[in-house]
Amino acid sequence: MRNDLSPDLPRALALSAAYEMFPSGGTILLAVSGGRDSMALLHWSASLSAVLPIHLAVGHFHHGMRGESADRDARRVESWCRDHQIPFYMDRGAVYQEAARRGLGVEEAGRLLRYAFLERTAQAIGALRIATAHNADDNAETLLLNLVRGSGLQGLTGIPPVRGRVVRPFLTTSRREIDSYVARYAIPYGEDETNGDDTYARNRIRHQVTPVLFSLNPRYLENVSSAIHHLREDNSCLQQMAEALLSQAEFGPGSAVLPVSCLRSAPTPISVRAVRSLMDRVTGSSQYGERHLRGVLDLARSKDPSARLSLPHGLTVRRVYETLLFTTQEEEGPWTPVPLSEGENQVGNWTLTVTGAFPGLLARPRQIGDRIRLPGQAEKSLKKLMIEKKIPRHLRDGLPIAADAFGPVAVPLLGENSDHPRFGRVRIAFHPRSPAEPYHTAAPIQDLSPDSKMKRRND
């Protein structure tokens, strides 16, 4: 983007150029509520489109909260777009009902509905960017709100200039500069009456706290904006180190496995970020608090090889010896024995291939008193063998043990029972169907196929 386009709002122009917010030839969907800031964004962007090869569209979300005044905002934005030949898209939502349904605050519910609409619209029209009118004052208020709520470094970085396709060209421009721009061009806008309601935390910050900070230092906003910039750079460096740590993780559908050693060896600021990123990938949510993250680190440092932690969004974190399993999959409950026949048999999460099946052969859960003798070893209980082989505790009851009236014939992850009368006459290959489970943390899976048996006998 050229830097000599217009003397108006130079900070916005510089930020837009630095982050390529208005790519040449691309369509930009502007989020316009009809308020002062968003109407300034619409007017300013339209002036850029007169000299840059970009295409504009406007998205307006009606929250269904302010009655006639909200209707007037929608008509104002639509009229402005019609007069300037800019495509206009609108949707409505019931924010109060959505907040109640999800158990969220009204502001959060409205934000989620609004961004969902903007993303849908951008996808439908092929927009490369979604531009919002968040400004430097909004950013400072966000920092203060996060600070009083107990945020870490991530929350102190404020609102990001870019997140996905969402861009914020006004983020380093003050509200005072925007007000001057609106007055200079007599831009029409509506005043949201809820902006004066101090029952909202952000409004209390804006009306009661910010004036005091300006009285302490007239350059308050400039200094906070500079601090946010430096904090964002520091946080980005730590996040890159955390992502490098996650190269040791293995991901599957709704799950991930991470060695505990990498969390133990990394500095806490890095390991905490790694855990947050991993949980976000598994659940699609980054809304985990410090106590959740610290709980996972405590699990990694624990001496209990089978501890577990239940977290929000359906996430369970299990310590599986020297790994952590993050999963949204429900743990298997009791299951009914399954008769086994010649060929492939599907039993829960396993495929059992049987050669030499006989009447009475079935797959069942382990039972109290089960004992086997692995070839060339002493007889032991299944419980002791599973502990010795470090088979994860949460998997043990789900293992399909091939057995009959004489007891286990073969056990997955362990091998064949050489004491069984049919040892050597029946062959069973066990194959797990879920590679996301950390089977590799236990003993190697015993391949009891004919080829492997022949090789073992030849050895």
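See the structure printed just above.
Basis of the calculations
Residues numbered from 1 in each chain as written. Predicted model: local features only at pLDDT ≥ 70, side-chain atom pairs only at ≥ 80, totals over all residues. Heavy atoms only, no water. Pairing = 2+ DSSP bridges. Helix = DSSP H or I, 4+ residues; strand = E, 2+ residues; numbered from the N terminus. Axes fitted to C-alpha atoms, helices over the stretch in contact; angles between N-to-C directions. Parallel < 35°, antiparallel > 145°, perpendicular 65-115°, else oblique. Contact = heavy atoms within 4.5 Å. Nonpolar A, V, L, I, M, F, W, Y, C, P; charged D, E, K, R; others polar. Buried < 20%, exposed > 50% of the residue type's maximum accessible area, 1.4 Å probe, protein only. Right-handed = clockwise from strand over helix to strand, strands pointing away.

Draft legend 1. Representation of the sheet that holds strand 14 (residues 350-355). Taken in spatial order, the three strands line up as 13-14-21 in an open sheet, and their pairing is antiparallel. Among the strands making up the open sheet, the edge pair consists of strand 13 (343-347) and strand 21 (427-432). If you compare each strand with its neighbour and ignore which way they point, the axes differ by 20 degrees on average. Judged from the five bridges that link them, strand 13 and strand 14 form a sheet pairing that is antiparallel. The residue bridging Gln346 from the neighbouring strand is Thr351, located in strand 14.

Draft legend 2. Main features of the packing of helix 6 (residues 136-148) against helix 9 (residues 201-216). Interhelical geometry of helix 6 versus helix 9 gives an angle of 100 degrees and a closest axis separation of 10 Å. Considered as vectors, helix 6 and helix 9 are oriented roughly perpendicular to each other. Residue-level contacts link Asp138, Glu141, Thr142, Leu144 and Leu145 of helix 6 to Ala201, Arg202, Ile205, Arg206, Val209 and Leu213 of helix 9. Residues that form the contact of helix 6 with helix 9 fall into these classes: six nonpolar, one polar and four charged.

Draft legend 3. Region of interest: the packing of helix 4 (residues 95-102) against helix 5 (residues 106-125). Between helix 4 and helix 5, whose axes approach to 8 Å, the crossing angle comes to 105 degrees. When the interaxial angle is binned, helix 4 and helix 5 end up roughly perpendicular. Across from Val95, Tyr96, Glu98, Ala99 and Arg102 in helix 4, the residues of helix 5 making contact are Val106, Ala109, Gly110, Leu112 and Leu113. Its residues placed into classes, the contact of helix 4 with helix 5 shows seven nonpolar, one polar and two charged.

Draft legend 4. Region of the structure containing the pairing of strand 2 (residues 55-62). Within strand 2, seven of the eight residues are buried, which leaves it mostly tucked inside the rest of the structure. With five bridges connecting them, strand 1 (residues 27-31) and strand 2 associate as parallel partners. Bridge pairing links Leu29 to Ala57 in strand 2. The parallel pair strand 1 and strand 2, bridged by helix 2 (residues 36-49), forms a crossover whose chirality is right-handed. Sheet analysis places strand 2 next to strand 3 (residues 88-92), joined by five bridges and oriented parallel. Residue pairing across strands places Phe61 opposite Asp91, the latter belonging to strand 3. The parallel pair strand 2 and strand 3, bridged by helix 3 (residues 68-83), forms a crossover whose chirality is right-handed.

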